[in-house]
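As a plain string of letters, each chain reads:
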Amino acid sequence: MQSEAAAPYFSYSNSPWPIRADLREAFLYTWDMLARPGSWLIGAERVQIAREVRQARTCALCARRKAALSPYAEQGTHDGDHGTLTDMQVDVVHRLVTDPSRLTERWLTDVAASGIRIEAYVEILSVVVAVVAIDAFHRTLGFELETLPEPVAGEPTGYRPAAAEAGGAWVPMVPLEKVSAEDADIYAGMGRAANVISAMSVVPDGVRMLRTQSAVMYLEVTDVANASRNGGRSLSRPQIELTAARVSAMNDCFY
Amino acid sequence: MMLRVSSEFAGTAAALGAITEGQNVDSGVPGQAGLISLVEASLDADRSGELPAARVQVEAELGAAALVDAAAVIGNFERMTRIADGTGIPLDEPVAAMSADLREDLGINGFGSADRTPAIGWFKQQLFRLLGPMVIRRMARQMNSD
């Protein structure tokens, strides 16, 4: 990763409010991870997925689907330049961004049947959510969206944790008690892994990005269950939770 | 649920209806007006024009650092909701049991994704309905002593 002085991203030099250094560090980490080959996708695909996250927000097809009684009622082509992504990959990204609460297991089965292996889908999800989080931060503060990084060449690792197993969710997950020594950091400090932490564990780097971002944007995962902790923020814990809960409710998110 | 527990710890139980009804319910949490306005203007594209005023309100009520922190929380939960909905994870069982009454009261069980979480058996429901408030107050006292 570039040094803080040299990094061209997330400078916030023109911000009217002080931006915590840990936020910037987490965002730089995310951008570095984003650009590199992942477990199943090359860097160029991962960066294009990030680009699709942004294109989804102004996509006319997505807007029609969101307004429709059924997300399957509207057909068509998603707006934007999709690079080398397949139509299904583009559709996955756009649905995750614009209409996630109406996703179903049947939909994911169709995604897998189209040729996207489930682990690759989780990697797509991990990139989408990492970019959504940072973009939402920027949008809320009125900042321009950060320039996307240049992809780094190289092949995906093809790494799938041997302990990942089906059960309880639409995707395989690695139980905390079976995580390998190599991946133990994804559950570090946790006596019990909440489902939302395990959800992307079949792609451990996805959990690493999640924990890195969550620690500075919300709380360390190990502090979440202790309602007296506010992560040293300028918001009280009730203020944090009210904000979080309202976001969740507006997203119709049951979890 | 963490809003309930954290507000108990802080000494004033929040009115949780603000979660689903926004400004129509006064949660009792200081700074609610600005925070809810910020969330709603950020998430609803049709209301994005309200963001500048929402930022001014949060900064005036809670300070610049709090505004940045609030924006970060919004970003965080834009992420977390998509992880949950994109993977079909159910509520963790203890949370499901502890929050059964809360979810019913807030109408959250009507969300489409609610069917991913198995129903809590009648006995457990009654147990947590009876013991839940006491458990939460005990958790709050224990956390206060940490």
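Residues numbered from 1 in each chain as written. Chains lettered and ligands numbered in written order. Predicted model: local features only at pLDDT ≥ 70, side-chain atom pairs only at ≥ 80, totals over all residues. Heavy atoms only, no water.

### Observations concerning the overall build of chain A
And then number 1: In terms of regular secondary structure, chain A is built from 9 helices and 0 strands.
And then number 2: In chain A, the succession of α and β elements from N to C terminus is α-α-α-α-α-α-α-α-α.
And then number 3: Against the 2.2 N^0.38 benchmark of 18 Å for 255 residues, chain A shows a C-alpha radius of gyration of 18 Å, consistent with a compact globule.
And then number 4: Structurally, chain A occupies a C-alpha span of about 45 × 45 × 40 Å along its principal axes. (Helix = DSSP H or I, 4+ residues; strand = E, 2+ residues; numbered from the N terminus. Rg over C-alpha atoms; globule rule 2.2 N^0.38 Å.)

### Re unusual backbone geometry
All names here are of chain A.
And then number 1: Phi is positive for Phe10, close to 55°, though the residue is something other than glycine.
And then number 2: Assignment of secondary structure puts Phe10 in the segment before α1 (21-35).
And then number 3: Positive phi, normally seen in glycine, also occurs at Tyr12, with a value near 55°.
And then number 4: With respect to the secondary-structure elements, Tyr12 resides in the segment before α1.
And then number 5: Since its relative accessible area comes to 13%, Tyr12 is described here as buried. (Buried < 20%, exposed > 50% of the residue type's maximum accessible area, 1.4 Å probe, protein only.)

### With respect to the interface of chain A and chain B
And then number 1: The interface is formed by 67 residues belonging to chain A together with 70 residues belonging to chain B.
And then number 2: Contact between chain A and chain B buries roughly 6,100 Å² in total, counting both sides, with carbon and sulfur atoms accounting for 69%.
And then number 3: Counting every contact that joins chain A to chain B gives 4 salt bridges.
And then number 4: The partner of Glu40(B) in a salt bridge is Arg246(A), and the shortest N-O contact between them spans 2.8 Å.
And then number 5: One can count 18 residue pairs in polar contact (both at pLDDT 80 or more) joining chain A with chain B.
And then number 6: Counting residues per element, the ones that place at least two in the side of chain A that touches chain B are α4 (87-98), α6 (118-141), α7 (195-198), α8 (204-217) and α9 (237-250) of chain A.
And then number 7: When residues of the side of chain A that touches chain B are assigned to their parent elements, the largest contribution, 14 residues, is made by α9(A). (Contact = heavy atoms within 4.5 Å. Buried area = accessible area lost by both parts, 1.4 Å probe. Salt bridge = Lys/Arg side-chain N within 4 Å of Asp/Glu carboxyl O. Polar contact = N/O pair within 3.5 Å; in protein donor to acceptor, adjacent residues only side chain to side chain.)

### Observations concerning the confidence of the model for chain A
And then number 1: Across chain A, the average pLDDT comes to 93, with 96% of residues at or above 70.
And then number 2: Predicted confidence is poor over residues 1-5 of chain A, with pLDDT under 50, and the contacts of this stretch with residues over four places away or in other chains come to 7 contacts. (pLDDT = per-residue confidence, 0-100.)

### Looking at the environment of Glu123(A)
All names here are of chain A.
And then number 1: Within the fold, Glu123 resides in helix α6.
And then number 2: As for Glu123 and Ile19, which are separated by 104 residues in sequence, their C-alpha atoms are 29 Å apart.
And then number 3: When near neighbours in sequence (up to four residues on either side) are disregarded, Glu123 contacts Gly38, Ser39, Trp40, Leu41, Arg46 and Val203.

### Observations concerning the confidence of the model for chain B
And then number 1: Here chain B shows a mean pLDDT of 76. Residues at 70 or above account for 49%.
And then number 2: The ipTM for the predicted assembly is 0.95, set against a pTM of 0.88.

### Topic: helix α5 (residues 64-87) of chain B
All names here are of chain B.
And then number 1: If you check α5, its first and last C-alpha atoms are 35 Å apart, about what 24 residues at 1.5 Å a residue would give, namely 34 Å.
And then number 2: With 22 of its 24 residues buried, α5 lies for the most part within the structure.
And then number 3: Gly88 lies just past α5 and shows a positive phi near 70°. (Expected span 1.5 Å × (residues − 1).)

### Thoughts on the pattern of salt bridges
And then number 1: Applying the stated criterion across every chain yields a total of 24 salt bridges over all chains.
And then number 2: Close ionic contact of Asp205(A) with Arg208(A) constitutes a salt bridge, the shortest N to O distance being 2.8 Å. In this pair, Asp205(A) and Arg208(A) are both assigned in helix α8, 3 residues apart and thus about one turn of the helix distant.
And then number 3: Overall, the relative accessible area of 18% leaves Arg208(A) in the buried class.
And then number 4: Among the salt bridges present, the one from Arg47(B) reaches Glu50(B), with a minimum N-O distance of 3.1 Å.
And then number 5: Residue Arg47(B) is classed as partly exposed on the basis of its relative accessible area, which comes to 26%.
And then number 6: Three or more residues joined by partner-sharing salt bridges are found here, namely Arg57(A), Arg139(A), Glu78(B) and Arg82(B).

### Some thoughts on the packing of aromatic side chains
All names here are of chain A.
And then number 1: Scanning the model with the defined rule gives 9 aromatic pairs over all chains in all.
And then number 2: Geometrically, the ring pair formed by Phe10 and Phe27 is tilted, given 5.4 Å between the ring centres and 55° between the ring planes. Taken together, the positions of Phe10 in the segment before α1 and Phe27 in helix α1 put the pair 17 residues apart, joining distant regions of the chain. Side by side, Phe10 and Phe27 carry an identical accessibility label, which is buried.
And then number 3: When the centroid spacing of 5.4 Å and the interplanar angle of 40° are considered together, the rings of Tyr12 and Phe143 count as tilted. Remark: Phe143 occurs in the loop between α6 and α7 and Tyr12 occurs in the segment before α1; sequence separation between them is 131 residues. (Phe/Tyr/Trp six-rings, centres within 6.5 Å; stacked < 30°, edge-to-face > 60°.)

### A few points about α8(A)
And then number 1: For α8(A), with 14 residues, the first-to-last C-alpha span of 20 Å sits near the 20 Å given by 1.5 Å per residue.
And then number 2: Of the residues making up α8(A), those classed as buried are Pro204(A), Gly206(A), Val207(A), Arg208(A), Met209(A), Leu210(A), Arg211(A), Gln213(A), Ser214(A), Ala215(A), Val216(A) and Met217(A).
And then number 3: Among the structural elements, α1, α2 (43-56), α6 and α7 of chain A together with α5 of chain B are those in contact with the buried residues of α8(A).

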